[in-house]
Amino acid sequence: MKLLMKLAWRNVLRNKRRTVLSGIAVGITLASLIFIDGIYIGMFDSMIRTATDSFLGQGQIHAAGFRDTFDVEKVINNSRDVMKSLGSEDLLTGFSERTVSTAMLSSAAGVNSVLLYGIDPEKERGMSMVDEAIREGEYLAPEDLGRIVIGSKAAETLEVETGDRLVITMAQAGTGELSQDMLRVAGIFHMGIREIDGGIAFVNIEKSRELLALGQEAHEIAVKFKNINDAGNRLLPIWKKYSQAGNEALGWRDLIPQLDGVMEMADLSTIITSSMVFCIVAVIIIHTLFMSLYERMFEFGVLRAIGTRPVSMSLIIFFEAASLSFFSILFGLGLGYIVMQIFSVYGINYTGIEFAGVTITELIYPVMTIRQFTFFPALVFVFSLVAAVYPAVFAARLTPAKAMQRSM
Amino acid sequence: MHEDVLKVQDVSRIYSTDGLKVNALRSVSLSIKGSEFTAIAGPSGSGKTTLLNIMSGLDTPTSGSVMLGGKPINTMKGSELSDFRRDHIGFIFQSYNLIPVLSVKENIEYIMLLQGIGEGERRTRVASILKQVGIEGMEDRLPRQLSGGQQQRVAVARAMVSNPDIILADEPTANLDSATGASLLDMMRELNEARGMTFVFSTHDTMIMDRARRLVILKDGKVAKDEVRK
Ligand SMILES: Nc1ncnc2c1ncn2[C@@H]1O[C@H](COP(=O)(O)OP(=O)(O)OP(=O)(O)O)[C@@H](O)[C@H]1O
Ligand SMILES: [Mg+2]
């Protein structure tokens with residue numbers, strides 16, 4: 001065994017240029033696999049953050065069924081108790097209650113129907129990016145009940161600027177009677193998500209409660225986690241805990257199912273990409289092994305003639321494949337690490353590209369994971385050995401007389 | 001007189017390539033006794049290589065049988081045949097005998113390693129055989145650092161070191177100049193005389209044939225002459 005390893009090892013070293021070239025080729029494929037995976041993860045992290053941080057929140061609590069109808073009467077059950085309990089959750093960094101209702105905004109130039117959110121301006125600062133996204137004017141002040149914040153698209157439709165007046169019309173809870181009020185535009189935000197910029201507006205929650213005749217109730221509580229991965233983990237007990245007494249608690253996967261779908265598709269495309277990468281690896285390995293086998297045909301004939309068993313001949317090939325792929329992997333891991341480091345400093349600029357309804361608004365930084373540096377190289381190694389089966393069987397089947405004849 | 005070490009009986013070998021049939025051996029029968037020093041000669045294409053390959057189990061006859069040490073090798077296969085060759089036959093080829101990535105010592109040790117012989121035993125055997133073939137002090141060189149004659153001596157050492165029943169050599173001197181070839185043959189003959197090692201080798205060189213004690217001449221795949229000399 002040691003003898004066969006020695007033979008294989010020295011053969012790998014024998015044609016250094018070929019070994020190095022194949023090693024580089026296999027290494028590059030591994031590095032690109034690592035890199036692509038890192039970019040995917042980075043991109044989706046960014047998309048999830050954009051989608052959830054902008055306004056949605058990473059998770060939400062509502063009365064069950066509220067999201068289907070936006071029925072003003074479906075307020076969160078026991079909202080006081082729920083809020084008190086949320087205040088002591090370790091996983092969360094914050095939460096904020098909202099009212100959600102459809103409303104009609106009208107100006108001299110036109111009308112625009114929006115989903116009107118009544119928010120607590122202070123709590124909402126930490127929850128969403130409405131405050132950061134203000135492009136014109138200013139964000140709502142805590143005691144400021146007479147003003148409204150609208151999105152850039154809505155401002156375009158209504159042809160209003162900050163300081164202009166809008167009439168808001170909405171239906172009250174219970175009676176269904178319409179209530180109207182005059183509000184001034186405090187600020188105009190732009191988030192890069194079309195539906196939000198055109199279809200959402202914010203007022204102080206005290207104002208919306210008054211207009212909707214809601215008392216102290218709320219329709220929605222948005223929550224933010226310390227670790228965003230927890231928000232995507234459907235298995236955490238926190239979801240069950242708040243999905244009780246007629247309420248439901250959902251994470252972003254359920255709130256934005258299309259994003260979840262895209263991620264699943266990305267998983268699939270990672271599988272396809274890696275299969276292609278592994279095919280390349282297999283071809284390189286098979287080619288390299290056969291080249292060196294043909295070159296040494298006579299030698300293999302001699303080895304067989306003087307008593308090396310067929311199985312041992314295969315082992316020599318497997319050891320060669322193993323040492324070749326071992327070096328390729330070392331090189332690939334090194335290269336992958338360096339490339340990841342470089343791009344995690346400079347980032348990749350995909351800003352402005354829209355994907356699954358989410359516009360990428362920041363530089364993408366590849367994310368390194370343990371999987372990339374353990375599972376991927378392990379797969380490359382296994383694939384190399386699988387690829388070596390063909391040349392190994394060929395070597396085992398060589399008859400010494402033929403082998404020695406072929407090379408003369 | 002010694003026992004038959006190798007017995008070739010009624011062996012024919014027909015090569016068929018592209019529908020063309022070549023009768024490389026036609027009903028050859030031949031016995032090799034222990035401690036013989038036999039040359040197989042004959043013109044090119046007369047079947048020398050084919051016969052040696054069949055005698056050593058590297059090739060199988062189309063018909064007939066080959067017995068080595070009382071065992072029929074023409075029916076053996078796979079690992080059994082490999083192990084049999086390893087333990088009972090020494091090989092010397094025309095050239096490129098040695099594994100280029102292994103040193104002289106490692107080349108000689110190869111078969112003993114396959115046999116699982118311990119390190120101490122290997123070392124004494126290598127040292128003694130190196131002396132016998134006259135290449136002491138070169139054990140750590142690689143084959144390409146040796147002359148053709150030295151390489152063939154190492155090949156003889158490798159073939160002998162595991163004490164096989166017979167050593168088969170297909171034109172061992174063909175790639176050497178005549179003086180070097182003659183001295184290799186002299187060395188083989190000395191080993192034959194000193195250790196009783198059985199050799200069968202092929203050649204077309206008359207000077208080499210003259211050093212054999214038994215001369216078998218093949219012609220068109222048949223034994224044309226089989227004579228014992230001095
Ligand atoms: N693999 C093969 N396929 C077809 N024909 C073959 C094959 N090997 C040998 N022959 C033919 O068989 C005959 C005997 O060949 P062999 O190699 O045994 O002769 P040889 O005596 O060793 O010749 P040389 O002195 O040239 O080495 C020749 O006619 C040769 O062409
Ligand atoms: Mg020949």
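Worth saying up front: this structure is predicted, and the values here are computed from it rather than measured. (Residues numbered from 1 in each chain as written. Chains lettered and ligands numbered in written order. Predicted model: local features only at pLDDT ≥ 70, side-chain atom pairs only at ≥ 80, totals over all residues. Heavy atoms only, no water.)

A. Spatial organisation of the pairing of strand β1 (residues 59-63) of chain A. Residue and element names in this part refer to chain A. Of all the five residues making up β1, five are buried; the element is thus mostly covered by neighbouring parts of the structure. Here β1 pairs with strand β9 (residues 220-225) via four bridges, running antiparallel. Paired with His62 across the strands is Glu220, a residue of β9. (Buried < 20%, exposed > 50% of the residue type's maximum accessible area, 1.4 Å probe, protein only. Helix = DSSP H or I, 4+ residues; strand = E, 2+ residues; numbered from the N terminus. Pairing = 2+ DSSP bridges.)

B. How the structure looks around the side chain of Thr99(A). Residue and element names in this part refer to chain A. With respect to the helices and strands, Thr99 occurs in strand β2 (residues 92-106). Here Thr99 falls in the buried class, since its relative accessible area comes to 0%. Among the polar contacts made by the side chain of Thr99, one reaches the side chain of Ser208 at a distance of 2.7 Å. Contacts of Thr99, omitting those with residues within four sequence positions, involve Leu116, Tyr117, Gly118, Ile205, Ser208, Arg209, Leu212, Leu214, Glu217 and His219. (Polar contact = N/O pair within 3.5 Å; in protein donor to acceptor, adjacent residues only side chain to side chain. Contact = heavy atoms within 4.5 Å.)

C. Expanded view of the environment of Met263(A). Mapped onto the elements, Met263(A) comes out in helix α12 (residues 257-295). Counting along the chain gives 66 residues from Met263(A) to Asp197(A), while the straight-line C-alpha distance between them is 24 Å.

D. Examining the site of ligand 1 more closely. Among the 15 residues in the neighbourhood of ligand 1, the closest are listed as Ser44(B), Gly45(B), Lys48(B), Thr49(B) and Thr50(B). Per-site note: the chains with residues close to ligand 1 are chains A and B. Contact distances for ligand 1 include 2.4 Å between an oxygen atom and a side-chain N or O atom of Ser44(B). Take Lys48(B): an N or O atom from its side chain is 2.7 Å from an oxygen atom of ligand 1. (Near = heavy atom within 4 Å.)

E. Seen up close, helix α2 (residues 16-56) of chain A. Along its 41 residues, α2(A) runs 57 Å from first to last C-alpha, staying within 8% of the 60 Å computed at 1.5 Å per residue. Downstream of α2(A) by one or two residues, Gly57(A) has phi in the positive range, about 90°. (Expected span 1.5 Å × (residues − 1).)

F. Main features of the packing of helix α14 (residues 310-346) of chain A against helix α15 (residues 370-397) of chain A. All names here are of chain A. For the pair α14 and α15, interaxial distance at closest approach is 8 Å and the crossing angle is 150°. When the axes of α14 and α15 are compared, the pair comes out roughly antiparallel. Where α14 crosses over α15, the two elements pack in a sense that is right-handed. The residue makeup of the contact of α14 with α15, split by class, is 21 nonpolar, five polar and no charged. (Axes fitted to C-alpha atoms, helices over the stretch in contact; angles between N-to-C directions. Parallel < 35°, antiparallel > 145°, perpendicular 65-115°, else oblique. Left-handed = near helix turned anticlockwise from the far one by under 90°. Nonpolar A, V, L, I, M, F, W, Y, C, P; charged D, E, K, R; others polar.)

G. Layout of the interface of chain A and chain B. If you look at the interface, chain A gives 21 residues, while chain B gives 24 residues. A buried area of about 2,100 Å², summed over both sides, lies between chain A and chain B, and 67% of it is on carbon and sulfur atoms. Broken down residue by residue, the surface that chain A buries against chain B is led by Leu3(A), Arg10(A) and Ile306(A), which jointly contribute 29%. On inspection of chain A and its partner chain B, the count reaches three salt bridges. (Buried area = accessible area lost by both parts, 1.4 Å probe. Salt bridge = Lys/Arg side-chain N within 4 Å of Asp/Glu carboxyl O.)

H. Just the pairing of strand β4 (residues 63-68) of chain B, in detail. Residues and elements named next belong to chain B. In the sheet, strand β1 (residues 4-17) pairs with β4 via five bridges, with the strands oriented antiparallel. Bridged to Val8 within β4 is Val66. Bridge analysis of β4 against strand β5 (residues 71-72) gives two bridges, and the strand direction is antiparallel. Note on β5: the bridge partner recorded for Leu68 is Lys71.

I. Structural detail: the sheet that holds strand β6 (residues 89-92) of chain B. Residue and element names in this part refer to chain B. The six strands lie next to each other as β6-β7-β8-β3-β9-β10, forming an open sheet whose pairing is mixed. Looking at strand neighbours, the two that pair on one side only are β6 and β10 (222-228), the edges of this open sheet. Averaged over all adjacent pairs, the angle separating strand axes in this sheet is 20°, with direction ignored. Packing against the sheet, helix α2 (residues 78-88) makes contact with β6 and β7 (166-170), and its axis sits at approximately 80° to β6. Set on the sheet, helix α6 (residues 178-195) makes contact with β3 (37-41) and β8 (199-203); between it and β8 the angle comes to about 160°.

J. Spotlight on the confidence of the model for chain B. Confidence in the prediction of chain B, expressed as mean pLDDT, is 92, and 99% of residues score 70 or more. Both confidence scores are given for the complex: pTM 0.79, ipTM 0.92. (pLDDT = per-residue confidence, 0-100.)

K. Local environment of the nonpolar core. If you look at the biggest cluster of nonpolar residues, it comprises 108 residues, and the most contacted ones within it are Leu86(A), Ile221(A), Leu51(B), Met55(B), Tyr110(B) and Ile166(B). No other element matches α12(A), which puts twelve residues into this core. Residue-level mapping places this core at the junction of two domains, with at least three residues from each of domain 1 (2-51 + 260-407) and domain 2 (59-231) of chain A. With near-sequence residues (within four places) excluded, Tyr110(B) lies in contact with Leu3(A), Leu4(A), Leu7(A), Leu303(A), Ile306(A), Thr308(A) and Leu102(B). Membership of the second largest hydrophobic core comes to 38 residues, among which are Phe37(B), Met112(B), Ala159(B) and Leu176(B). (Core = buried A, V, L, I, M, F, W, Y, C linked by side-chain atoms within 4.5 Å. Domains from an automatic or database assignment.)

L. Spotlight on the environment of His287(A). Residues and elements named next belong to chain A. With respect to the helices and strands, the residue His287 is situated in helix α12. Given the relative accessible area of 48%, His287 is considered partly exposed. Sequence separation of His287 and Ser22 is 265 residues, and the distance between their C-alpha atoms is 9.2 Å.

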